[in-house]
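Remarks on the overall topology
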Amino acid sequence: KNMINRRKVIQSLAALPFAGSLLGTNSLAAQSKTAAVVSSLRRDFFKELGLRTFINAAGTYTSMTGSLMPKEVIEAISYGADEYVNLDDLQDKVGERIAELLECEYATVSSGCFGAMSIGMAGILTGKDPEKVKQLPNTEGMKNEVIIQESHTIGYAQALTNVGAKVVKVKTAKQLEKAITDKTCMLWFLNAHTDQGEIKWEEFIALGKKYNIPTFIDCAADVPPVENLFRFTKMGFDLVAFSGGKGLRGPQSAGLLLGKREYIEAARMHTPPRGETIGRGMKVNKEEVLGMLAALELYLQKDHDQEWKMWESQIQLISDSATSVAGVESEIHVPKYANHVPSLRIRWDEKKLKISPNEVRKQLREGHPSIQTVGDSKSVGMTTWMMVPGQERIVAKRIKEILSSAI
Ligand SMILES: *Cc1c(COP(=O)(O)O)cnc(C)c1O
């Protein structure tokens, strides 16, 4: 009964041409009052379930549900939820649109970057042979070896082995050439570990071309910078994968697979609506497909310089607040590859401040509001790019409170 009343109130609020007019003014204060009325009527699912929400000062972590989607993305998702459409036709059209936007040959929306790697790999293993498609993860009769630099092997390479591929590890270009056999089907590169590997992008691509073996780059967390969305397909990688729900702030369950049409069409043979495939469980429906497209369009239109300046000033604010406590030091740094955003590391002398970084993180997490950070036994780490602007002030205040109470 209560629910129906709430819904009616919301409907009547929504029916107003401009929500601010409810209070007879267009002032910001009045608008935010109206927003507060509407949000107080919203069903609070997390509270109902006994779950705490938090300020995300950590970054894009799957365990923390990734990123927050802008309203344009939510609108695209709700639009999609209200209509039927042919799934393959939708993926065809959105693939064309994304390819046009990102100036690459072709594209598809996948179930995250991991999903993009699995379907991309599956497509390379089977090509467009329907019998082979049914056969995976059994790769009998197929080339199934993927060469990876040892320093590039991380847990996420399981996306490749899950569908049947075998990983062969090498360190140098010479070793890579030696490792190539008549079973080699792909060379895989992890952008996040570019610095750790001996073989860099151009040489890696050249080796692929020399032996006519497709190259695949995992760029999951490599937006920003926006240029990366264009850079690696243009450079010559045959397939490029991004997470949809990290810097792009699309659906956390979506991703992008970009590159050569022949490989992406083969990858699509493993995806729904088709069953009898290794990719059936990696379904993305119209909601994720449209959400991903809207997120990408929005991201491309964004003023990236302005956003960067905002992140810098947010980080500076938190840093200044923390270091106003005697004995506290901070360092602002930007990771070169992956999560390339202003980031903060806070340290102190534990002889002066009788509290450990893990205890500070625990107090931040358990306080009101709850604040999630990263870190280790030596420091507390933060980023602001996944926060709602304004939350940096709360974080700045809390970190100072906790640190100064330990003097
Ligand atoms: C996050 C991440 C993935 C997985 O991406 P999802 O979009 O969560 O599937 C793969 N590789 C790297 C390097 C990542 O950072």
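For the structure, see preceding data.
The structure contained in this document is the topic of the report that follows. (Residues numbered from 1 in each chain as written. Predicted model: local features only at pLDDT ≥ 70, side-chain atom pairs only at ≥ 80, totals over all residues. Heavy atoms only, no water.)

**Quick word on the overall build of the protein chain**
Across its full length, the protein chain holds 16 helices and 13 strands. A compact globule built from 407 residues would reach a C-alpha radius of gyration of about 22 Å, and the protein chain, at 24 Å, matches this within 12%. Expressed along its principal axes, the backbone C-alpha trace of the protein chain runs to roughly 70 × 60 × 35 Å. Here the protein chain holds 407 residues, and 47% of them are scored as buried. Of all intrachain contacts in the protein chain linking residues separated by at least 6 positions in sequence, the fraction that spans at least 24 positions is 68%. Treating the 52 positive side-chain charges of the protein chain as one cloud and the 48 negative ones as another, the clouds have centres 6 Å apart. (Helix = DSSP H or I, 4+ residues; strand = E, 2+ residues; numbered from the N terminus. Rg over C-alpha atoms; globule rule 2.2 N^0.38 Å. Buried < 20%, exposed > 50% of the residue type's maximum accessible area, 1.4 Å probe, protein only. Contact = heavy atoms within 4.5 Å. Lys, Arg positive; Asp, Glu negative; His and termini not counted. Charge placed at Lys NZ, Arg CZ, Asp CG, Glu CD.)

**Re a nonpolar patch on the surface**
A cluster of nonpolar side chains, namely F45, F46, L49 and L51, defines an oily patch on the protein surface of about 450 Å² accessible area. One can find F46 in helix α3 (residues 45-48). For F46, a relative accessible area of 48% gives the class partly exposed. (Patch = residues over 30% accessible without salt bridge, like charges linked within 9 Å, V, L, I, M, F, W, Y side chains within 5 Å. Areas by Shrake-Rupley, 256 points an atom, 1.4 Å probe, with all protein chains shown as cover. Salt bridge = Lys/Arg side-chain N within 4 Å of Asp/Glu carboxyl O.)

**What about the pairing of strand β5 (residues 184-190)?**
Most of β5 is tucked away: seven of the seven residues are buried. Pairing of strand β3 (residues 145-149) with β5, which is carried by four bridges, proceeds in the parallel orientation. Its bridge partner being in β5, V146 is matched across the sheet by M186. What joins β5 to strand β6 (residues 215-218) is helix α10 (residues 201-211), and the crossover it makes is right-handed. (Pairing = 2+ DSSP bridges. Right-handed = clockwise from strand over helix to strand, strands pointing away.)

**Thoughts on the site of the ligand**
The full set of residues close to the ligand is G112, C113, F114, M117, Y156, L190, D218, A220, S243 and K246. A distance of 2.7 Å is found between a nitrogen atom of the ligand and a side-chain nitrogen or oxygen belonging to D218. With respect to the ligand, the side chain of K246 contributes an N or O atom lying 2.8 Å from an oxygen atom. Notes on the ligand: free accessible area 380 Å², of which the protein chains cover 86%. In terms of residue count, helix α6 (residues 112-126) provides more of the shell around the ligand than any other element does, four residues in total. (Near = heavy atom within 4 Å. Polar contact = N/O pair within 3.5 Å; in protein donor to acceptor, adjacent residues only side chain to side chain.)

**What about the sheet that holds strand β13 (residues 380-383)?**
Spatial strand order, β9-β10-β13-β12: four strands in an open sheet with antiparallel pairing. Either end of the sheet is taken by a strand with one partner, and the two such strands are β9 (328-333) and β12 (374-375). Helix α14 (residues 304-323) contacts β9, β10 (343-348) and β13 of the sheet and is inclined by roughly 165 degrees relative to β9. Running over the sheet, helix α15 (residues 357-366) touches β10, β12 and β13 and is turned about 45 degrees from β13. (Axes fitted to C-alpha atoms, helices over the stretch in contact; angles between N-to-C directions.)

**Quick look at the sheet that holds strand β4 (residues 166-170)**
Strand order in the open sheet formed by seven strands is β2-β8-β7-β6-β5-β3-β4, and the pairing between neighbours is mixed. Each edge of the open sheet carries a strand with a single partner, namely β2 (106-110) and β4. The average angle at which neighbouring strand axes cross in this sheet is 25 degrees, direction not considered.

**Remarks on the pattern of salt bridges**
Within the structure shown, the criterion is met by 20 salt bridges. In this structure, K260 and D238 form a salt bridge, with 3.2 Å as the shortest nitrogen-oxygen distance. Taken together, the residues K260 in the loop between β8 (255-259) and α12 (261-268) and D238 in the loop between α11 (228-235) and β7 (239-243) connect sequence positions 22 residues apart. By relative accessible area, D238 is classed as buried at 10%. Close ionic contact of K362 with E366 constitutes a salt bridge, the shortest N to O distance being 3.6 Å. Here E366 and K362 lie together in helix α15, a separation of four residues that amounts to about one turn. Taking the relative accessible area as the measure of exposure, E366 reaches 46% and is therefore partly exposed. Shared partners join several salt bridges into a network, and the residues in it are D88, D92, R268 and R274.

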